[in-house]
Amino acid sequence: MASDKQIILITGANNGIGFDTSYALAAASPNNHILMACRNHAKGEAALKELQARKPQGTLDLLDLDVSDDDSIAAAVKKVEADFGRVDVLINNAGVVGKTPSPTRADLRTVFETNVFGPTVLTQSLLSLLQASKSPKVINVTSGLGSIGFRSDPSHDTYHVPYTSYRMSKAALNMLTACQYYEFQKFGCKVWAFCPGFVITDLTGKEERQWRKDNGADSSETSAQGILEIVEGKRDAEVGTFIARYGQQYPW
Ligand SMILES: NC(=O)c1ccc[n+]([C@@H]2O[C@H](COP(=O)([O-])OP(=O)(O)OC[C@H]3O[C@@H](n4cnc5c(N)ncnc54)[C@H](OP(=O)(O)O)[C@@H]3O)[C@@H](O)[C@H]2O)c1
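Residues numbered from 1 in each chain as written. Predicted model: local features only at pLDDT ≥ 70, side-chain atom pairs only at ≥ 80, totals over all residues. Heavy atoms only, no water.

Caption draft 1: Focus on the overall build of the chain. Tallying secondary structure elements over the chain gives nine helices and seven strands in all. Its C-alpha atoms give the chain principal-axis dimensions of about 50 × 40 × 35 Å. Across the 252 residues of the chain, 51% fall into the buried class. A sequence separation of at least 24 residues applies to 71% of the contacts in the chain between residues at least 6 apart. (Helix = DSSP H or I, 4+ residues; strand = E, 2+ residues; numbered from the N terminus. Buried < 20%, exposed > 50% of the residue type's maximum accessible area, 1.4 Å probe, protein only. Contact = heavy atoms within 4.5 Å.)

Structural data, given as structure tokens:
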């Protein structure tokens, strides 16, 4: 059905940045087919319906996928392989923050399962499908909070932000990006770490949406536009680096 189209798989697509990015990519080109990978089928169905009702020129479909569950990853990869035989763009977007201010073992495990082990295992499981693409791309949605450079700079505006488990997980995701960049060059796959900026989503709970607005957070549509620019090749010169919206480059 969509095998002649650009196959774009995005995780955590039912909400926030993943939801807005699914729409931005579908709206951008009739040649884009978006696989909205969601862990909760009902939420995924509702999100898919909402985006299809906007009638974008590209197409969208739902893919059941919990990035913290190896069986779920294996089933999703099998389905994509059978349906399309390749993936052109993988956007590792699904993410969580820890529930406790200080890192506990349980909290670290939850955060690392989703933010680090998930993208690592999913990308590895999709390797042959990325290799089957003429122009494969991997975008790891990280955070400026994962930058050791920012963490160490008392003048940076995130200096006093806590979330140690989350910061550690995004620093690990950044290292994964650097390793994937090194490894995947041999088959022409481009890789980036992308910070979507401080935006209004449910990442730290629905109750914090207003706090985010009051503290200068942007719409998550700006994050989606940033990801669209990468997919459209506008950030190709910065491949292998840590980038953000509005042409910004971040220190690792
Ligand atoms: N918002 C910001 O200011 C900000 C800043 C920097 C970086 N980021 C990053 O942006 C990404 C998207 O976050 P967001 O702000 O859009 O948050 P969000 O609104 O909470 O959305 C997170 C999405 O990830 C999904 N998800 C969580 N765990 C998953 C799992 N195990 N498997 C599959 N999907 C899973 C959620 O699904 P459910 O609905 O089922 O929970 C949801 O769809 C994250 O990686 C986050 O770290 C966000």
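Caption draft 2: Region of the structure containing the state of the cysteines. Summed over the entire model, instances satisfying the criterion amount to zero disulfides. Free cysteine: Cys179, not disulfide-bonded; nearest cysteine sulfur from Cys189 at 14 Å. With a relative accessible area of 39%, Cys179 lands in the partly exposed category. We classify Cys189 as buried; its relative accessible area is 3%. (Disulfide = S-S within 2.5 Å.)

Caption draft 3: Spotlight on the packing of aromatic side chains. Considering all chains together, one arrives at seven aromatic pairs under this definition. Seen from their ring centres, Tyr163 and Tyr166 are 6.4 Å apart, and the 70° between their planes marks the pair as edge-to-face. On the basis of an interplanar angle of 75° and a centroid distance of 5.4 Å, the ring pair of Phe242 and Tyr250 is categorised as edge-to-face. Like Tyr250, Phe242 is buried. Grouped by ring-pair contacts, the aromatic residues Phe150, Phe242, Tyr250 and Trp252 constitute a single cluster. Taking the ring centre of Tyr23 as reference, the NZ or CZ of Arg54 above it sits at 4.7 Å. (Phe/Tyr/Trp six-rings, centres within 6.5 Å; stacked < 30°, edge-to-face > 60°. Lys NZ or Arg CZ within 6 Å of the ring centre and 35° of its normal.)

Caption draft 4: Layout of helix H2 (residues 41–53). Compared with an ideal rise of 1.5 Å per residue, which puts 13 residues at 18 Å, H2 spans 18 Å between its outermost C-alpha atoms and is within 8% of the ideal. Listed as buried for H2 are Gly44, Ala47, Leu48 and Leu51. Each buried residue of H2 sits inside an arc of 100° when the element is viewed along its axis, so together they form one side. Counted as exposed and oriented over 90 degrees from the buried face of H2: Ala42, Lys49 and Ala53. For H2, the secondary structure elements touched by its buried residues are helix H1 (16–28), strand E2 (32–38) and strand E3 (59–64). Where H2 begins, the capping side chain belongs to Asn40, and its oxygen is found 3.1 Å from the backbone nitrogen of Ala42. The positive-phi residue at the C-terminal boundary of H2 is Lys55, with phi of around 55°. (Expected span 1.5 Å × (residues − 1). Arc of directions from axis to C-beta. Polar contact = N/O pair within 3.5 Å; in protein donor to acceptor, adjacent residues only side chain to side chain.)

Caption draft 5: Summary view of the sheet that holds strand E7 (residues 242–244). Pairing is parallel in the open sheet, where seven strands are placed in the order E3-E2-E1-E4-E5-E6-E7. At either margin of the open sheet sits one strand with a lone partner, and together these are E3 and E7. Sheet twist, expressed as the average angle between the axes of neighbouring strands with direction ignored, equals 25°. Where helix H4 (residues 105–125) meets the sheet, it contacts strand E1 (6–11), strand E4 (89–92) and strand E5 (137–141), and its direction lies at approximately 165° from that of E4. (Pairing = 2+ DSSP bridges. Axes fitted to C-alpha atoms, helices over the stretch in contact; angles between N-to-C directions.)

Caption draft 6: Spatial organisation of unusual backbone geometry. Positive phi, close to 55°, is recorded for Lys55, a residue that is not glycine. Mapped onto the fold, Lys55 is located in the loop between H2 and E3. We note that Tyr246 has phi near 55°; this positive angle belongs to a residue other than glycine. Structurally, Tyr246 can be placed in the segment after E7.

Caption draft 7: Geometry of the packing of H4 against helix H7 (residues 164–184). Following both chains from N to C, one finds H4 and H7 inclined at 15°, their axes separated by 9 Å at the closest point. With respect to H7, the element H4 is oriented roughly parallel. In this structure, H4 meets H7 at a crossing whose hand is right-handed. Residue-level contacts link Asp107, Leu108, Val111, Phe112, Asn115, Val116, Pro119, Thr120 and Thr123 of H4 to Ser165, Tyr166, Met168, Ser169, Lys170, Ala172, Leu173, Leu176, Gln180 and Phe184 of H7. Classifying every residue of the contact of H4 with H7 gives eleven nonpolar, six polar and two charged. (Parallel < 35°, antiparallel > 145°, perpendicular 65-115°, else oblique. Left-handed = near helix turned anticlockwise from the far one by under 90°. Nonpolar A, V, L, I, M, F, W, Y, C, P; charged D, E, K, R; others polar.)

Caption draft 8: Structural view of the nonpolar core. The biggest cluster of nonpolar side chains holds 27 residues, and the ones touching the most others in it are Ile34, Met36, Ile91, Ile139 and Ile227. In this view, Met36 contacts Ile10, Ala13, Ser22, Ala47, Leu48, Leu51, Leu60, Asp61, Leu62 and Leu63; residues no more than four positions away in its chain are not counted. Among the nonpolar cores identified, the runner-up in size contains 24 residues, and Ala37, Val80, Leu90 and Ala94 belong to it. (Core = buried A, V, L, I, M, F, W, Y, C linked by side-chain atoms within 4.5 Å.)

Caption draft 9: Here's a closer look at the pattern of salt bridges. Counted by the stated rule, this structure contains nine salt bridges. Between Lys79 and Asp83 there is a salt bridge whose closest N-O contact spans 2.6 Å. Taken together, the positions of Lys79 and Asp83, both in helix H3 (residues 70–83) and four residues apart, correspond to about one turn of that helix. For Lys79, a relative accessible area of 41% translates into the label partly exposed. (Salt bridge = Lys/Arg side-chain N within 4 Å of Asp/Glu carboxyl O.)

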